[in-house]
Each structure stands twice: as C-alpha cells, then as structure tokens.
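# Tertiary structure, described
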Amino acid sequence: MFQPMNNPVRSSPSSAATVAPSQGDEARWRAVCERAQNDSFVFAVRSTGIYCRPSCPARRPLRDNVRFFDDCGAARAAGFRACKRCDPDGDSLQARHRALVLRACEALAASEVSPSLDELAQQAGLSRYHFHRVFKQAVGMTPHAYGRALRAQRVAQVLGETASVTDALYAAGFNAPSRFYEGAAGLLGMAPALARRGAPGETIRHAMVDSPLGPMLVAATARGVCAVEFGDSAEALLQGLGQRYRAANLVEGDAQFAAWVQQILQHLSEPAQAAALPLDVRGTAFQQQVWRALQQIPLGTTLSYTELAERLGKPQAVRAVARACATNEVAVLVPCHRVLRQDGQLAGYRWGLSRKAELLRREAAANPQQDEDE
Ligand SMILES: [Zn+2]
C-alpha cells in the first residue's frame, strides 16, 4: 500500500454530497468486505444499479462505486434495483431464524411438559439437527436446557410465594420430586427449599482470616463454599455477607470449616496445590454456565472475555459474560481473575486490580505440572 500512514478522512465530493453524514461508512464497508450477517443497512453499486445485503455472495465491487443506505426504501428512491441473489427486500435469514426460535421459546414456555426436539423442529420446518444448531446459536443453550431453565425459574418464582415445595414442583411442571431435585440443584445452585430470598433458616458458616491478599472472608452453606472475598476491612466484608444472607443464621466456622479455609490459604501461597472444595454458587442458569467455564481455565493461563464468550458458544454475549464474571462471589475457587481484556489489560476485578495482578503473578510463577502434550 502506497498511501501515507496518516491518512486524513477522505471525503470524495461525489459520494459525500448525496449520502448523509458519512460517519460509519468505513465500518459498513468493512462489513461488506467480510460479508457480515448485518441487516442494518444495504449497499448499492453505481456501475450495476443494484443494491445488496452486506452478506451478498456476489463479487465485491470497487469501493468507489459503492453507496450505503439505511434501508431498501432509500436505495430504491435513489434509483437502485434489488439484487436477485441476496434478496435484500425479503426477510433476512437471521430474522427468519429469530422468528422460528422465538416461536419455539414460546412453545416451551407455554407447555407444562416440554415438547420434544422433533416436535419443535417440525414446527419450525427445519431438520432436527439444523433446528438444534439455530436454537443454540440464538439462545445460547440447547432447547432441552432452555426448557429446564424455564421450569427452574418457575419453581423459584413459586417458592417466593408458597410454603410447600411439593406444590411448587407440580406447579412448575416437574413430574416427580426426585427428578426435580436432580435438575434444580444444578440450575438454582441450591436445594429448592432454600431458594427463598435471603436463605431463611439456612446456616452459613464463615471465617475471617489474614491472607497474602489482605483480609479474606470465607463462607459456606451446608452444601459448599458460597463466598470467598477479599477486602480492606473485615467489618465491611462481614456486613456484605450479612446483607446477602439476611435471613440466614450466620455462625462461626467449625473445625471442618477451618480445614477448608486452610486449603484456600494454601492454594493462595502455592497455587499448584489445587483446593478441591464443594461449591454452592447461586445465580441464574447463564451465570452458572459462565462460572463453570471459568473453572475450566487451567492454572497459569488466561483467556479474554471474547474467547470465553466464544467458548460458551455465545460470541455476541461478551458484555453479559463480563458481567457474570464480575458477579462471581467465590474468588480464586471460581477463577474469574484468569479473564483479561482482549488487549491483555487486566480489565476489572471485584476485589481490586492489584489483587488480580498478584493472583496472576503467583499462578504464573507456580509452574503448574501440566502434560506438555496436552
Ligand atoms: Zn446481492
């Protein structure tokens, strides 16, 4: 390329005069070059008189022959005709898929017993395999998992109001309590009876210790560790815990609990010593999914939020993934500190950037014993 590096914004008089502010045109041109599935605009080609979707499979025109329009109507008004290959006036593939998936979601929400994958696919007019893929891409989980999440959500809602767990089970469309407990423990992160706000009647053991990263609060339900938090003041940490579990019975940790705290402390000073403790993390199905993925990032390595979103099959959900990381309450054991910004910057950390940097430094120095050929 022979253009000077510091290229001022070009405004070729012939194109800039007719197209309203040309800001964003470079991004639009990039989308055209990449054949992006983007239906927020169309592009027209002067030499052929035709307008296309950015995703049109036809050969790319010269940049200088291209004009951008916000919609098909504007392109037609300027005298262009619709391309026959990409049919910019018709519904986009994306829009059609979105409509199909929405209809399937409604069907799942409307029925007590989830329709089968075959039924859903048939209704959408797609093959079983294709429907499964389209659904997962749009929703981020399989139709089956979505149906389960819906039911769990209904249970949580009902539990807020009714006293009887059994009533809630049947109200939510679960056939038998045993099946419910299997599914709900994973989705709700707790036994259904405990889903009531503030964890009433639940006993939360906790301890405050000095860690290499400052005051550390560890708390656990009967099911597992529910919080590992760092702070500058023990008082503020305890206050936060009390607010979150305001209806629970907070007690000092016992001997078994002290052993858990020791494991976490040891893991902090020697990261290669994994702390394998039961967890009781509580969040939405999506948060749980993100937190599980965090636990799969090996010691001594990092991912970007973008990579994590891709790994979850949700490349569009980078922000939501970052938010889920930020709401993790179990530091270190759910290693949200192993996620960085795309450019390698540390980005945020709930318990302070210097602690994130220190954790990563310790893990990098730990030289984990991993198989080279993995
Ligand atoms: Zn076209």
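Provided above is the structure to which this section pertains.
Predicted, not measured: the structure shown is a model, and the values here were computed from it. (Residues numbered from 1 in each chain as written. Predicted model: local features only at pLDDT ≥ 70, side-chain atom pairs only at ≥ 80, totals over all residues. Heavy atoms only, no water.)

## Let's talk about the overall build of the chain
Scanning the chain from terminus to terminus reveals 15 helices and 10 strands. Looking at the chain residue by residue over its 374 residues, the buried ones come to 41%. Taken as a whole, the chain presents about 20700 Å² of accessible surface, with 51% of it coming from carbon and sulfur. (Helix = DSSP H or I, 4+ residues; strand = E, 2+ residues; numbered from the N terminus. Buried < 20%, exposed > 50% of the residue type's maximum accessible area, 1.4 Å probe, protein only. Areas by Shrake-Rupley, 256 points an atom, 1.4 Å probe, with all protein chains shown as cover.)

## Some words on the coordination of the zinc ion
Only C52 (SG), C56 (SG), C83 (SG) and C86 (SG) from the protein coordinate the zinc ion, and they sit 2.2 to 2.4 Å from it. The sequence pattern formed by the donor residues of the zinc ion is C-x3-C-x26-C-x2-C. Of this pair, C52 sits in strand 2 (residues 50-52) while C86 sits in the loop between strand 4 (81-82) and helix 4 (93-110), and the two are 34 residues apart along the sequence. Residue class for C86 comes out buried when judged on its relative accessible area of 9%. (Donors = N, O, S within 2.8 Å, 3.2 Å for Na, K, Ca; no water.)

## Quick word on the state of the cysteines
Each disulfide consists of a covalent bond between the sulfur atoms of two cysteine residues. Enumeration over the complete set of coordinates arrives at 0 disulfides. Summary of cysteine pairing: C336 is not part of a disulfide, and the nearest cysteine sulfur, belonging to C325, is at 6.5 Å. Residue C336 is classed as buried on the basis of its relative accessible area of 6%. (Disulfide = S-S within 2.5 Å.)

## Describing the side chain of S211
With respect to the helices, strands and loops of the structure, S211 is situated in strand 5 (residues 203-211). Separated by 2.9 Å, the side chain of S211 and the backbone nitrogen of L213 make a polar contact. Within the structure, the side chain of S211 is placed 2.7 Å from the backbone oxygen of G214, a separation counted as a polar contact. (Polar contact = N/O pair within 3.5 Å; in protein donor to acceptor, adjacent residues only side chain to side chain.)

## Notes on the sheet that holds strand 3 (residues 66-69)
A sheet is described by the order of its strands in space; here 4 strands give the open sequence 3-1-2-4, paired in mixed fashion. Looking at the sheet topology across the chains shown, the edges are occupied by strand 3 and strand 4. Note: strand 1 (residues 42-45) against strand 3, 4 bridges, orientation antiparallel. By the bridge assignment for strand 3, V45 is matched with V66. (Pairing = 2+ DSSP bridges.)

## As for the nonpolar core
By size, the foremost hydrophobic cluster in this structure holds 40 residues, and its most contacted members are V228, V290, L294, L308 and C325. Taken together, the elements giving at least two residues each to this core come down to strand 6 (214-220), strand 7 (225-230), helix 11 (255-269), helix 12 (285-294), helix 13 (305-311) and helix 14 (318-326). Considering each element in turn, this core owes the most residues, 6 residues, to helix 11. Taken together, domain 3 (203-269) and domain 4 (285-366) each give at least three residues to this core, which thus spans both. If you look at the next biggest cluster of nonpolar residues, it comprises 14 residues, including L100, A104, L108 and A121. (Core = buried A, V, L, I, M, F, W, Y, C linked by side-chain atoms within 4.5 Å. Domains from an automatic or database assignment.)

## What about the packing of aromatic side chains?
For any pair of aromatic rings, the description consists of the separation of the ring centres together with the inter-plane angle of the planes. In the structure shown here, the tally under the stated rule is 5 aromatic pairs. Taking the centre distance of 5.8 Å and the plane angle of 50° together, the rings of F131 and F135 count as tilted. Residue F131 and its partner F135 are located together in helix 6 (residues 128-139), separated by 4 residues, close to a single helical turn. Exposure remark for F131: the relative accessible area of 1% places this residue in the buried category. By relative accessible area, F135 is classed as buried at 0%. For the ring pair F257 and W260, a centre distance of 6.3 Å and an interplane angle of 50° mean the geometry is tilted. Of the two residues, F257 and W260 both sit in helix 11, 3 residues apart, roughly one turn of that helix. On the accessibility criterion, W260 (10% relative accessible area) is buried. The ring of W260 carries the charged tip of R205 above its face, separated from the ring centre by 5.4 Å. (Phe/Tyr/Trp six-rings, centres within 6.5 Å; stacked < 30°, edge-to-face > 60°. Lys NZ or Arg CZ within 6 Å of the ring centre and 35° of its normal.)

## As for the packing of helix 12 against helix 14
Close contact between helix 12 and helix 14 brings their axes to 9 Å; oriented N to C, the two are set at 75°. Between helix 12 and helix 14, the interaxial angle falls into the category roughly perpendicular. Note on element contacts: helix 14 touches helix 12 through A320, V321, A324 and C325, opposite F286, Q287, V290, W291 and L294. Looking at the contact of helix 12 with helix 14 residue by residue, the class counts come to 8 nonpolar, 1 polar and no charged. (Axes fitted to C-alpha atoms, helices over the stretch in contact; angles between N-to-C directions. Parallel < 35°, antiparallel > 145°, perpendicular 65-115°, else oblique. Contact = heavy atoms within 4.5 Å. Nonpolar A, V, L, I, M, F, W, Y, C, P; charged D, E, K, R; others polar.)

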